[in-house]
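Commentary on secondary and tertiary structure
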Amino acid sequence: MTPARVAVAATVNGRARAFEVEAHHTLLESLRDDLGLTGTKECCLVGECGACTVLVDGRSVDSCLMLAVEADGATIETVEGLAGRAGLSAVQAAFLDTGAAQCGFCIPGQLMSAVALLADTPHPSRAEIEEGLAGNLCRCAGYEQIFEAVERAADAVAPARARTAEPRVDVAAIPDAKVAPQ
Ligand code: FES
Ligand code: FES
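Presented here is an overview of the structure given in this document. (Residues numbered from 1 in each chain as written. Chains lettered and ligands numbered in written order. Predicted model: local features only at pLDDT ≥ 70, side-chain atom pairs only at ≥ 80, totals over all residues. Heavy atoms only, no water.)

1. Quick look at the overall build of the chain
For the chain, the count of helices and strands is 5 helices and 5 strands. Seen in sequence order, the chain has helices and strands lined up from the N terminus as β-β-α-β-β-β-α-α-α-α. Residues counted as buried form 38% of the 182 residues belonging to the chain. Contacts in the chain between residues at least 24 apart in sequence constitute 55% of all its contacts with a sequence separation of at least 6. (Helix = DSSP H or I, 4+ residues; strand = E, 2+ residues; numbered from the N terminus. Buried < 20%, exposed > 50% of the residue type's maximum accessible area, 1.4 Å probe, protein only. Contact = heavy atoms within 4.5 Å.)

Now the structure itself:
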């Protein structure tokens, strides 16, 4: 028996979309299979890796853990919606400039988490960036470049205010600190 399909209407990357989904399908399946938005990646399917991250009503979600029918009436943003007529968004450009992508598989999810973080916290500290992207795993371990890219994007979007400086440890002031000879 063919499973019943359910009508869903949502705004996806700024466009009103009406489509039908199978009731048991996840938002990830629907984005990729029903709407052809394959930029959102399918990986662990259990909410561990963040490769499937999209924004739903401005909040980052693992689309593998959300049913497509739950997106009815929602505003959804995927990686395909980031670039505009003028070209790449500031976050995408920063990822490109820092060489943040290696195999690139995690990058759509990393970008969406970065967008959500910067919307809430325009000037994140390094610790806030690490926490904001903690749900996105990179198997290539390119974390340093990814975090640097988010810092660059923050500076590009809102350069007027400095990011919260990370406290620096004065190694010389620590008794018995073992400092390698220079
Ligand atoms: S595919 Fe959704 S969290 Fe890994
Ligand atoms: S760039 Fe390869 S998994 Fe992140």
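2. Quick word on the sheet that holds strand E3 (residues 53-56)
Strands sit in the order E2-E1-E5-E3-E4 across an open sheet of 5 strands; the sheet is mixed. Strands at the two margins of the open sheet, each flanked by one partner only, are strand E2 (15-22) and strand E4 (59-62). Pairwise comparison of adjacent strand axes, ignoring direction, gives a mean angle of 40 degrees for this sheet. Here E3 runs beside strand E5 (residues 75-77); their pairing, made up of 2 bridges, is antiparallel. (Pairing = 2+ DSSP bridges. Axes fitted to C-alpha atoms, helices over the stretch in contact; angles between N-to-C directions.)

3. As for the packing of helix H2 (residues 90-98) against helix H5 (residues 143-157)
One way to put it is that H2 packs onto H5 with a least axis distance of 8 Å and a crossing angle of 135 degrees. Classified by the angle between their axes, H2 and H5 sit oblique to one another. Here the hand of the crossing between H2 and H5 comes out right-handed. Residues Ala90, Val91, Ala94, Phe95, Asp97 and Thr98 of H2 form the contact with H5, whose own contacting residues are Gln145, Ile146, Glu148, Ala149, Val150, Arg152, Ala153 and Val157. A per-class count over the contact of H2 with H5 returns 9 nonpolar, 2 polar and 3 charged. (Parallel < 35°, antiparallel > 145°, perpendicular 65-115°, else oblique. Left-handed = near helix turned anticlockwise from the far one by under 90°. Nonpolar A, V, L, I, M, F, W, Y, C, P; charged D, E, K, R; others polar.)

4. Details of the state of the cysteines
This structure, assessed with the given rule, holds 0 disulfides. There is no disulfide at Cys43, and the cysteine sulfur nearest it, in Cys49, is 4.0 Å away. On the basis of relative accessible area, Cys43 is assigned to the partly exposed category, the value being 33%. (Disulfide = S-S within 2.5 Å.)

5. Focus: the nonpolar core
Ranked by internal contacts, the top residues of the largest apolar core, which has 24 residues, are Val91, Phe95, Leu111, Ile146 and Val150. Those elements giving two or more residues to this core turn out to be H2, helix H3 (107-120) and H5. Sort the elements by how many residues they give to this core and H3 lands first, with 7 residues. Excluding residues within four positions of it along the chain, Val91 makes contact with Leu111, Ala114, Val115, Leu118 and Ala153. Counting 16 residues, the second largest nonpolar core, distinct from the first, contains Val12, Val21, Ala74 and Ile76. (Core = buried A, V, L, I, M, F, W, Y, C linked by side-chain atoms within 4.5 Å.)

6. A look at the environment of Leu65
Structurally, Leu65 is set in the loop between E4 and E5. According to the relative accessible area criterion, Leu65 is exposed, its value standing at 54%. Taking the C-alpha atoms as reference points, Leu65 and Gly47, 18 residues apart in sequence, are found 6.3 Å from one another. Residues contacting Leu65, with those up to four places away along its chain left out, are Leu45, Val46 and Gly47.

7. Some details on the packing of H2 against H3
Where H2 contacts H3, the two axes come as close as 10 Å, and the packing angle between them is 130 degrees. The angle between the axes of H2 and H3 places the two elements in the oblique class. Both H2 and H3 take part in a crossing whose hand is right-handed. Across the interface between the two elements, Val91, Gln92 and Phe95 of H2 pack against Ile107, Gln110, Leu111, Ala114, Val115 and Leu118 of H3. Residues that form the contact of H2 with H3 fall into these classes: 7 nonpolar, 2 polar and no charged.

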